[in-house]
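Given next are the chains, with one letter for each unit.
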Amino acid sequence: MKNLDSLWMAHEQLLVTRLSGDVTISDIEKWETSLYKALDAIGDGGKFKILVDLFGFSAINVDAHKRYREIIPSTLAGYGWRVGYLDMFEEANGLLLTSKRGIRCVAAAHVHQDATKIEKYQSLYGTGREQFFTDPLQAREWIAQLAV
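The rules behind each value
- Residues numbered from 1 in each chain as written.
- Predicted model: local features only at pLDDT ≥ 70, side-chain atom pairs only at ≥ 80, totals over all residues.
- Heavy atoms only, no water.
- Salt bridge = Lys/Arg side-chain N within 4 Å of Asp/Glu carboxyl O.
- Helix = DSSP H or I, 4+ residues; strand = E, 2+ residues; numbered from the N terminus.
- Phe/Tyr/Trp six-rings, centres within 6.5 Å; stacked < 30°, edge-to-face > 60°.
- Buried < 20%, exposed > 50% of the residue type's maximum accessible area, 1.4 Å probe, protein only.
- Contact = heavy atoms within 4.5 Å.

Visitor: I'm lost on the pattern of salt bridges in this one. Help?
Guide: Oppositely charged side chains can form a pair if their charged atoms are brought close together. A full pass over the atoms with the stated rule returns six salt bridges. Ionic pairing is found between Asp-5 and Arg-18, a salt bridge with its closest N-O pair at 2.7 Å. With Asp-5 in strand 1 (residues 3–9) and Arg-18 in strand 2 (residues 14–23), this pair connects stretches of sequence that are 13 residues apart. Here Glu-12 ties to Arg-140 by a salt bridge, and the two come within 2.9 Å at their closest N and O atoms. Of the two residues, Glu-12 is situated in the loop between strand 1 and strand 2 and Arg-140 in helix 5 (residues 136–144); the sequence distance between them amounts to 128 residues.

Structure representation (structure tokens):
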């Protein structure tokens, strides 16, 4: 089953975005649209936390994988957040952080089923404000306890 949705939960100042299943470029575009719509719901000057749930995600081909992998880092850069794993890529060194409508991302939890990758990301890039998980419920619990 595919999940291609994003939801802004104002009472928690939390944006939850999910992309899972065997996805096509068209699916990724639908998910991306839902992400932007959720971000548009955040009030000017606001702060938010994000839960990026990619548990069960599988791109059907290389083009779909390339399309998805740039969305979260480039989108969050527009809200003042640099995703930790970008340190692996020299081409990301010049990534400009901005603040659309004065909104800032202040914490991120990332979920994926690839334990080897997630353990590596957590050990290298995990911080008090950004963590990497293989369990969506643990990620949700962790991000929920962070103050905005």
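Visitor: Sorry, what's going on with the packing of aromatic side chains here?
Guide: To describe a pair of aromatic rings, one takes the distance between the centres and the angle between the planes. Under the counting rule described, the total for this entry stands at seven aromatic pairs. Pairing Tyr-121 with Phe-132 gives two aromatic rings, centres 5.7 Å apart and planes at 75 degrees, and the pair type is edge-to-face. With Tyr-121 in helix 4 (residues 115–125) and Phe-132 in strand 6 (residues 130–133), this pair connects stretches of sequence that are eleven residues apart. Accessibility classification places Tyr-121 together with Phe-132 in one group, the buried group. Taken together, Tyr-85, Tyr-121, Tyr-125 and Phe-132 form an aromatic cluster joined through their ring pairs.

Visitor: What is the right way to look at the environment of Val-106 in this model?
Guide: As for its position among the elements, Val-106 is in strand 5 (residues 104–111). Given the relative accessible area of 13%, Val-106 is considered buried. In this structure the C-alpha to C-alpha distance between Val-106 and Leu-146, which are 40 residues apart in sequence, comes to 9.4 Å. Apart from residues no more than four positions distant in its own chain, Val-106 is found in contact with Lys-47, Phe-48, Lys-49, Trp-81, Arg-129 and Val-148.

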